[in-house]
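Structure at a glance
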Amino acid sequence: MNETIDIAKKFMEFFYTANSPQKGKVLVVSKYAERTRVNICLLKFFLHEMKQKGIFITIDRPHQYTASLLTIHGISQENLVYIDAVSRISGETEANVSNVRFINGPYEMNFLDDITAISFAGGAVKTKSIDLDEMNFILIDDIAALTKYQEADGVKKMIHSYIDSIERLNNITAPIVLDANQNRAIYEIIMNRCDRFLFINLSKSIFKEMNRPTHLKRKKVLMPKETSFAKPAATGGY
Amino acid sequence: MADEMERLCSGVDGVDELIEGGYPYPSVILVAGPAGTGKTTFTQQFLFAGAEMGEIGLYFTTLSEPPQWVMHYMSNFKHLNKSHIGKNVIFCDIGQMLRKASPEEILAFIDEEVARTMAQRVVIDPITVIKEFLGNDYRPFLFDLVNHLKNWRAVSILTGEVEPNQLYPSEVAYASDGVVLLTYEEVEGARRKYMEVLKMRGTNHRTGKQSFVITKEDGFVVLSGTF
């Protein structure tokens, strides 16, 4: 986590102008294998450095993994609310923790709408409401994981619904972290709807703001070659 | 609209071509074989290849063999960059812990180390030793371990010692996403080493035995062609 010292400065330059946060939807492009580290860096920046309040939506794995990571790395979760959409389908026990809201999983078409419903709900479900006006950021992990549970049309609707929800909120910063090679269709949808673009490669210490990407370079995938049946050498050798 | 699966390179020449470019990320892979087939070398190359790309690798040894002894033999391999040790390749000896800890404590310790380092590559070498300490708790422990390792978002290689007349340790194979078998066979008077990908979920992997060699210069190298 030492790298976050520099990254905090980079995030400060990117997400803030004259000490005022820049709101809106930000596509953060990074390798999937660095997703955990990038998410923790973002959470550390918003929660620890900037003392902001936010929401962390988990689709790909139960929230406990992120909660453990934040604890181990000394990042307070006092100002973080988890929306856990995966624990109910993965057999995890629903912990009675004040900062976690469990919702029915990503099989359901409107689960992102449910978040808004939870946040705006009053009356009987008042205790579960989240005051979105108090929130400064929202982070989703991992929006591309929706493809595990939904057909393409359903995924597109959910993504648009999520971004529509963000646009209704004027006071929120919403980084959407995605690997450009992970899912082209999702990447293009999100790219077209985001306001700003950031490229991060932690392993190579690359951190740069990008223009809206126009050319998508496909990742080269090695395909298995046809099986051959060469005989081993007659003696020794191997 | 299905995801294009992220893959991490194996670090072993000739293996990635067999499995569509690398191990699915995240996943748990069993590398099984009898003593002397090169399981530890195979895993070291996996960790050091990740380190070359800036990834973090975590190596748990379960044999109470201190890391210096693991490295004593590995240091013969010229292609392993020793400057990664302690930075991007981290060694952790859990042998002593296995003698007295409960399954929950072992799992919690592994969880904490993986979370602390945020490793993308994890090796437990060998996993089969744990069975001797856990007895009937071994199978549920394995399922929990595999689930946790994938949720930590790592490609994890578990090595398995193979008993005589056993193809692979079945409990681990069942829980794993991939199974790579290392064997040696006598062919025309010479004992030769082979690897075979028996299982790799989400992957059109090549089947059949592949001959391999281990040299000081290049380490573990799979030769082209199927035998």
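Everything that follows concerns the structure shown earlier in this document.
Residues numbered from 1 in each chain as written. Chains lettered and ligands numbered in written order. Predicted model: local features only at pLDDT ≥ 70, side-chain atom pairs only at ≥ 80, totals over all residues.

1. Looking at the overall build of chain A
Inclusion rule: By the criteria applied, helices consist of DSSP H or I runs no shorter than four residues and strands consist of E runs no shorter than two, each listed in order from the N terminus. Counting other C-beta atoms within 10 Å of each residue's C-beta, where C-beta atoms are placed from the backbone, gives the exposure class: buried for 20 or more, exposed for 12 or fewer, partly exposed between. By definition, residues are in contact whenever their C-beta atoms, placed on the basis of the backbone, come within 7 Å of each other.
Assigned secondary structure in chain A consists of six helices and ten strands. When each of the 238 residues of chain A is scored for burial, the buried share is 40%. Long-range contacts, defined here as pairs at least 24 residues apart, represent 69% of the contacts in chain A between residues at least 6 apart.

2. Some points on the pairing of strand 5 (residues 80-84) of chain A
Residues and elements named next belong to chain A. Stated formally: For the handedness criterion, the strands are oriented away from the viewer, and a crossover whose path from the first strand over the helix to the second runs clockwise is classed as right-handed. Here the rule is simple: two strands pair whenever DSSP picks up at least two bridges between them.
Judged by how many residues are buried, strand 5 sits mostly within the fold: five of five residues are covered. Across the two faces of strand 5 the burial is the same, with Leu-80, Tyr-82 and Asp-84 and Val-81 and Ile-83 all buried. Note on the crossover from strand 4 (residues 54-58) through helix 3 (residues 63-72) to strand 5: the handedness is right-handed. Across three bridges, strand 5 lies against strand 6 (residues 100-102) in parallel orientation. Bridge pairing links Ile-83 to Arg-101 in strand 6.

3. Points about unusual backbone geometry
In this chain, Asp-141 of chain A is followed by Asp-142 of chain A through a cis amide linkage whose omega measures 10 degrees. The linkage connecting Tyr-25 of chain B with the following residue, Pro-26 of chain B, adopts the cis geometry, with an omega of -5 degrees. With respect to the helices and strands, the residue Pro-26 of chain B is situated in the loop between strand 2 (23-24) and strand 3 (27-33). Positive phi is not limited to glycine here, since Met-118 of chain B has a value of about 50 degrees.

4. Let's talk about the nonpolar core
Residues and elements named next belong to chain A. The cut-off we apply is this: Put simply, a nonpolar core is a cluster of buried Ala, Val, Leu, Ile, Met, Phe, Trp, Tyr and Cys residues tied together by C-beta atoms within 7 Å.
Counting 126 residues, the largest nonpolar core has Val-28, Leu-43, Ile-176 and Leu-178 as its most contacted members. Broken down by element, the residue count for this core peaks at eight residues, all from helix 2 (residues 35-49). Apart from residues no more than four positions distant in its own chain, Leu-43 is found in contact with Phe-56, Leu-70, Ile-75 and Leu-139.

5. A few points about the sheet that holds strand 5 (residues 89-93) of chain B
All names here are of chain B. Threshold: The axes used here are C-alpha line fits, helices contributing only the stretch in contact, and every angle between their N-to-C directions lies in the interval 0 to 180 degrees.
Strand order in this open sheet of nine strands is 5-4-6-7-3-8-9-10-11, and the pairing throughout is mixed. The open sheet has two edge strands with one neighbour each: strand 5 and strand 11 (219-222). Mean inter-strand twist for the sheet, computed between neighbouring axes without regard to direction, equals 25 degrees. Relative to strand 6 (residues 121-125), strand 4 (residues 57-61) runs parallel, the two sharing five bridges. Paired with Tyr-59 across the strands is Val-123, a residue of strand 6. Seen against the sheet, helix 1 (residues 39-52) touches strand 3, strand 4, strand 5, strand 6, strand 7 (155-161), strand 8 (178-187), strand 10 (210-215) and strand 11 and runs at an angle of roughly 160 degrees to strand 6. Taken strand by strand, helix 6 (residues 138-151) contacts strand 3, strand 6 and strand 7, and its axis lies near 130 degrees from that of strand 3.

6. A word on the packing of helix 5 (residues 152-168) of chain A against helix 6 (residues 184-193) of chain A
Residues and elements named next belong to chain A. Basically, it comes down to this: Any angle between 65 and 115 degrees counts as roughly perpendicular, while under 35 counts as roughly parallel, over 145 as roughly antiparallel, and the rest as oblique. Crossing handedness is defined as follows: a turn of the near helix away from the far one that is anticlockwise and smaller than a right angle gives a left-handed crossing, while the clockwise case is right-handed. Residue polarity follows a fixed list, in which Ala, Val, Leu, Ile, Met, Phe, Trp, Tyr, Cys and Pro are nonpolar, Asp, Glu, Lys and Arg are charged, and the others, Gly among them, are polar.
Where helix 5 meets helix 6, the axes come as close as 11 Å, and the angle between the chain directions of the two elements is 25 degrees. When the axis of helix 5 is compared with that of helix 6, the two are roughly parallel. Read as a crossing pair, helix 5 and helix 6 show a hand that is right-handed. For the pair helix 5 and helix 6, contact is made by Ala-152, Val-155, Lys-156, Ile-159 and Ile-163 and by Ala-185, Ile-186, Ile-189, Ile-190 and Arg-193, respectively. For the contact of helix 5 with helix 6, the class distribution of residues is eight nonpolar, no polar and two charged.

7. Brief notes about the pairing of strand 9 (residues 196-201) of chain A
Residues and elements named next belong to chain A. Alignment of strand 3 (residues 24-29) against strand 9, held across four bridges, turns out to be parallel. Its bridge partner being in strand 9, Leu-27 is matched across the sheet by Phe-197. Taken together, the five bridges between strand 9 and strand 10 (residues 206-210) define a ladder with antiparallel strand orientation. Note that in strand 10 the partner of Phe-197 across the bridge is Met-210. Hairpin connection of strand 9 to strand 10: four residues between the antiparallel strands, including Ser-205 at a positive phi of 55 degrees.

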